[in-house]
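Next come the chains, spelled out residue by residue.
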There are 2 protein chains.
Amino acid sequence: MAKKKTSIKDIAKSLGISITTVSFILNGKAKEKRISEELTLKVEEYIKEVGYKPSHLAQSLRLGKSKVIVFMVEDISNQFFASIARKIEEKAYKNGYKIIYCSTDNDPEKAKALIDTFKVRSVDGFIITPTPALESTVLELLEEEFAVLLFDRWIPSIDCSYVVVENEKSAFEATSHLIQNGCKNIGFITVESDQIQMIDRLKGYSYAMESNGLKKNVFMLPFHNLSELGASSKIQQYLQKNSELDGIFFATNYLAFEGLQALNSLKKRIPEDVLLVSFDDHYFFTLFQPNISAIEQPLESIAEKLMEGMLMLLEDDGSSKPDFKVTLPNILHIRESSDYKK
Amino acid sequence: MAKKKTSIKDIAKSLGISITTVSFILNGKAKEKRISEELTLKVEEYIKEVGYKPSHLAQSLRLGKSKVIVFMVEDISNQFFASIARKIEEKAYKNGYKIIYCSTDNDPEKAKALIDTFKVRSVDGFIITPTPALESTVLELLEEEFAVLLFDRWIPSIDCSYVVVENEKSAFEATSHLIQNGCKNIGFITVESDQIQMIDRLKGYSYAMESNGLKKNVFMLPFHNLSELGASSKIQQYLQKNSELDGIFFATNYLAFEGLQALNSLKKRIPEDVLLVSFDDHYFFTLFQPNISAIEQPLESIAEKLMEGMLMLLEDDGSSKPDFKVTLPNILHIRESSDYKK
DNA sequence: TATTTTTGATAAATCCTTTTAGCAAGATTC
DNA sequence: GAATCTTGCTAAAAGGATTTATCAAAAATA
C-alpha cells in the first residue's frame, strides 16, 4: 500500500509545473537551464518533504549506464577473493557503483554463461579472474565496449587491462630465501594448472634453483576437489618418497595447509627438519607454531588499483585508448628466527 | 561500434511485424495469444540468428521487479559470511536472481544509508544481518512490501522472517561438554555486543554453569577493532589473572584464534591444562595441533533456507501474510580424544 | 445473404527518466 | 515602433520492454 513510489511526474503534477523543470532541478541544471531561483527552491523543498528519490532503473535505461560492476572470481568464499571484495566494495559505493559478485569455479562454460547473463543486465564493467579458454569471450566484451579489468591472472594473448602481482619475482625471492638458509633439496608443491600466475610461480622457483645449480623437484596435484581428493595424504606420500627434502615452497596457502597436516603426520620438525615458505600469506601462518614464512599479496593495493583502473575505464569517453596494466610487488615475510640456518 | 544492441523494435521492423507479436512470442504466449505457428517459428529463428536478448533494465522498469537481491552482512570478507555468499549465489542464479553484496561493519548509520540506496535501485529483496538500532528501517522495508529476511541474528521486537541457529542450545551443550569432562572453572570469552546471537550464547553458557552449581566467569572484549586492540594480549592478561581456569568457551572463532595465541604465549597445554571449545567451526581447528572442539553452524542448510525463504517471500502475491522463521540446529564437534577426562 | 465468431495480428499506453528543440512574454537595441 | 535577445519554462521523443484493448478478415452460423 505504501508500495507506490512517487515519481517525477507526481512531483510535477503536485506543483503544477512540468516534468522537465523538475528534472533539470534534480540534476543541478537549474542555473544552466535558467530556472528561477524561486521555483528551484520551492521544488527542492518539496522533494525533500516527500522524500522523493529518482528511480535508478529508469535512469539507467535512459542513460545506458547502470552503475553496476560485476566482480567475477573463481570462488567468492576464498579468503583472498573475499578480502578483495570487501575492499573494492567501499571504493565502489563511494563512487556510486554497486557490485554484483559471481563465482566461476574456474569453469569456462560457467564463466561464459555468467558473462552472457550480465551483458543483458547492462552492467557497466567487469572485474574478472579469467578462467582458461576465455579469450574470445573477453574480446567480445571489449568489442562491445564494456570496461574490462582482469586480475589475479591475465591473458597474454589479448590486449586487456589488468592488475596482477609479481608472481615470478616473488617465487624467485622465496626460493632464494630457502637456498640462502642452507636448503639444498627444495620441493615445489603446486597444482596442475595452466593459469598464468601458477606458471609464473613455477618459473620463479625454477630460475632460482637453476641459478644456484640445484636440482628441481616439482610435485603437482590435480587442480579440482583438492580436499575430497585427500591432498594431504598425497603430499604425505610425496614427502616420504622424497625424504631428502630440506625445504618446501608451497604455491598457494591451501596447499601449505594440507602440507602442514602431512608434515605433522610425518613428525617432521619445522624449521629443523624442513624449511617452509608459502605463496599467499594467511592469518593462520602467524597463528601456527612455529610461524610459517609466506609471500603476502598486497590486498589493499590490489583493491585500490582495481577500482582506480575500473573507474578510469568507465569514465573513458572512447576518444583515448584506455589502458591500465599494473603489476604489483608482494611482500615476503620471513618468520623463522632471523639467525636460523640449516 | 558493436555497442548498439538490437532491441525488440529492431526485430519487429526487420521482420515487418509488430513489437507486440515479437513480445508475445518471446514470452511464450504465442499460443495463448493466437500467433500462427508459422510466424512464431520464423520469429524464434530470427531471434536466435541475431542473438537477441531482451534488456533486463527495460523489463525491470516495466514489471517493477529487478530480480536483484541484496545480501547485506556485517563483513563480506568474514569467512562465515563469504561462505554463505558462495552458497546462496548458486541458488539465486538458478532462479534468475542476481546478488549485490554490501558490508555494514555493524554500523547502523552505514546500514541505513545502504538500504536507502538500494530502495532506489528497486531491488526485490533483502537478506540482512541486522545492526543494532535497525528496527525502524527494517519496518519501513516491510511496509514498502520488500521481501526481507534476517539471518545470523533477528530482531525480537518486530515480526520479520529470519533464518538463525540455535545459539543458546548449542552454547549450553558446549559448556555441558566441558563440565562433563571434568572442568570446574570455565571461562566464557566474548565481545561486548547486544547482538542477540551473542546474548543467546551467553545465556546458554550461563544456564549450563548455573544448572551445575558452577561459578560463571565471563570476559568481554570491546566489539570493535579487535586485532588493533591487541585482543590476544588482553586475553592473555585475563588468563593470567584467572589461572584457575580449566576450561574456556570462546563465543566466536576469531576470539578462539586470539585465545590460542595467548595460551601459546602462556605455555598452557591443551587439553591437559585447559580444555577448549569455540563457537563457529573453522578449517583451522582441525589443522591446529591439537584439534580444537567447536560448534559448526550448518552453512549449507542456512544457505538453503535463506534462498528458500527469500524465493517464498518474493513470490508472495500479497494475499497471504508471508512468514518464514527458521531456527537451525548446529553440530558440536568434539575433538579431544574421546576418553579424555580432566 | 446477413450476422456472429474466430483467427491473427497490432496500436498505443505504461513504467520513469533525460534531453533536445521550441515557445511566449518581456527586455534591449536600433 | 520594429526587430532582436533574454528569460523562464515546457512538449515531446527516446530508451526497451509488457499488456490491454481493438480491429480487419475469414470462417461459421442462422
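Let me sum up the structure you'll find in this document. (Residues numbered from 1 in each chain as written. Chains lettered and ligands numbered in written order. Predicted model: local features only at pLDDT ≥ 70, side-chain atom pairs only at ≥ 80, totals over all residues. Heavy atoms only, no water.)

1. Considering the sheet that holds strand E6 (residues 186–191) of chain A
Residues and elements named next belong to chain A. In space, the six strands of this open sheet follow the order E7-E6-E8-E9-E10-E12, with mixed pairing throughout. Looking at which strands have only one partner, the edges of the open sheet turn out to be strand E7 (217–221) and strand E12 (331–333). Neighbouring strand axes in the sheet, compared pairwise and without regard to direction, differ in orientation by 20 degrees on average. Pairing analysis gives two bridges linking strand E9 (residues 275–279) to strand E10 (residues 294–296), with the strands arranged parallel. Within E10, the residue paired with Ser 278 across the bridge is Ala 294. Across the sheet, helix H8 (residues 167–180) touches E6, strand E8 (247–250), E9, E10 and E12, and the angle it forms with E9 is around 170 degrees. (Pairing = 2+ DSSP bridges. Helix = DSSP H or I, 4+ residues; strand = E, 2+ residues; numbered from the N terminus. Axes fitted to C-alpha atoms, helices over the stretch in contact; angles between N-to-C directions. Contact = heavy atoms within 4.5 Å.)

2. Details of the relation of the copies chain B and chain A
Mapping chain B onto chain A calls for a rotation angle of 180 degrees and an axial translation of 0.0 Å; the resulting RMSD is 0.1 Å. Such a combination of turn and shift is consistent with a two-fold rotation axis. Among all residues of chain B, the one whose C-alpha sits closest to the rotation axis is Ile 100 of chain B, at a distance of 2.2 Å. Here 100% of the contact residues of chain B are again contact residues in chain A; the copies associate through an equivalent surface. (Least-squares fit on C-alpha atoms with pLDDT ≥ 70 in both.)

3. Structural notes on the packing of aromatic side chains
Residues and elements named next belong to chain A. Scanning all chains against the criterion turns up 31 aromatic pairs over all chains. Taking 4.9 Å as the distance between ring centres and 15 degrees as the angle between the ring planes, the aromatic pair formed by Phe 188 and Tyr 205 counts as stacked. Here the residue Phe 188 occupies a position in strand E6, and Tyr 205 occupies one in helix H9 (residues 196–211), the gap between them amounting to 17 residues. Per residue, the accessibility class of Phe 188 equals that of Tyr 205, and both read buried. (Phe/Tyr/Trp six-rings, centres within 6.5 Å; stacked < 30°, edge-to-face > 60°. Buried < 20%, exposed > 50% of the residue type's maximum accessible area, 1.4 Å probe, protein only.)

4. Considering the interface of chain B and chain A
Much of the literature gives interface size as the accessible area that the parts lose upon coming together. Contact residues are listed per partner, giving 59 residues for chain B and 60 residues for chain A. Of the roughly 5100 Å² buried at the junction of chain B and chain A (both faces included), carbon and sulfur atoms supply 57%. Applying the counting rule to chain B against chain A returns four salt bridges. For Arg 86 of chain B, the salt bridge is made with Asp 105 of chain A, and the minimal N-O distance between the two is 2.5 Å. (Buried area = accessible area lost by both parts, 1.4 Å probe. Salt bridge = Lys/Arg side-chain N within 4 Å of Asp/Glu carboxyl O.)

5. Digging into the protein's contact with DNA strand C
Taken together, 30 residues lie around DNA strand C, and Ile 8, Tyr 52 and Arg 62 of chain A together with Thr 21 and Ser 36 of chain B are the ones closest in. Taken together, the sugar and phosphate atoms account for 55% of what DNA strand C places within 4 Å of the protein. A distance of 3.3 Å is found between a base oxygen of DNA strand C and a side-chain nitrogen or oxygen belonging to Thr 20 of chain A. Separating a phosphate oxygen of DNA strand C from a side-chain N or O atom of Asn 27 of chain A is a distance of 3.3 Å. Contributing elements (two or more residues each) for the surface near DNA strand C: helix H1 (8–15), helix H2 (19–26) and helix H4 (56–63) of chain A together with helix H2 (19–26) and helix H4 (56–63) of chain B. Residue composition of the surface near DNA strand C, by class: twelve nonpolar, ten polar and eight charged. (Near = heavy atom within 4 Å. Polar contact = N/O pair within 3.5 Å; in protein donor to acceptor, adjacent residues only side chain to side chain. Nonpolar A, V, L, I, M, F, W, Y, C, P; charged D, E, K, R; others polar.)

6. Here's the deal with the side chain of His 282 of chain B
All names here are of chain B. In this structure, His 282 sits in the loop between strand E9 (275–279) and helix H12 (283–287). Accessibility expressed as a relative area gives 15% for His 282, which makes it buried. Every residue in contact with His 282, bar those within four places of it in the chain, is listed here: Gln 79, Asn 253 and Phe 257.

7. Side note on the packing of helix H6 (residues 108–120) of chain B against helix H7 (residues 135–143) of chain B
Residue and element names in this part refer to chain B. H7 packs onto H6 with a crossing angle of 15 degrees between their chain directions and a minimal axis gap of 10 Å. Our classification of the angle between H6 and H7 gives roughly parallel. Crossing handedness for the pair H6 and H7: left-handed. Of H7, the residues touching H6 (which contributes Lys 112, Ile 115 and Lys 119) are Thr 137, Glu 140 and Leu 141. (Parallel < 35°, antiparallel > 145°, perpendicular 65-115°, else oblique. Left-handed = near helix turned anticlockwise from the far one by under 90°.)

8. So, H4 of chain A
For H4 of chain A, the full list of buried residues reads His 56, Leu 57 and Ser 60 of chain A. The buried residues of H4 of chain A all sit within an arc of 105 degrees when viewed along its axis, so they share a single face. Looking at the buried residues of H4 of chain A, the elements they touch are H4 and H6 of chain B. In this structure Ser 55 of chain A caps H4 of chain A, since a side-chain oxygen of it lies 3.2 Å from the backbone nitrogen of Leu 57 of chain A. One or two residues past the end of H4 of chain A sits Gly 64 of chain A, with phi positive at roughly 75 degrees. (Arc of directions from axis to C-beta.)

9. Looking at the protein's contact with DNA strand D
Around DNA strand D there are 31 residues in total, and Thr 21 and Ser 36 of chain A together with Ile 8, Ser 55 and Arg 62 of chain B lie nearest to it. The share of sugar and phosphate among atoms of DNA strand D within 4 Å of the protein is 50%. Ser 23 of chain B is positioned with one of its side-chain polar atoms (N or O) 2.8 Å from a phosphate oxygen of DNA strand D. Of all the elements in the fold, those that place two or more residues in the surface near DNA strand D are H2 and H4 of chain A together with H2 and H4 of chain B. Among the elements that line the surface near DNA strand D, the one with the most residues is H4 of chain B, at five residues. Residue classes in the surface near DNA strand D are distributed as 14 nonpolar, ten polar and seven charged.

The values reported here are purely geometric and, on their own, carry no functional implication.
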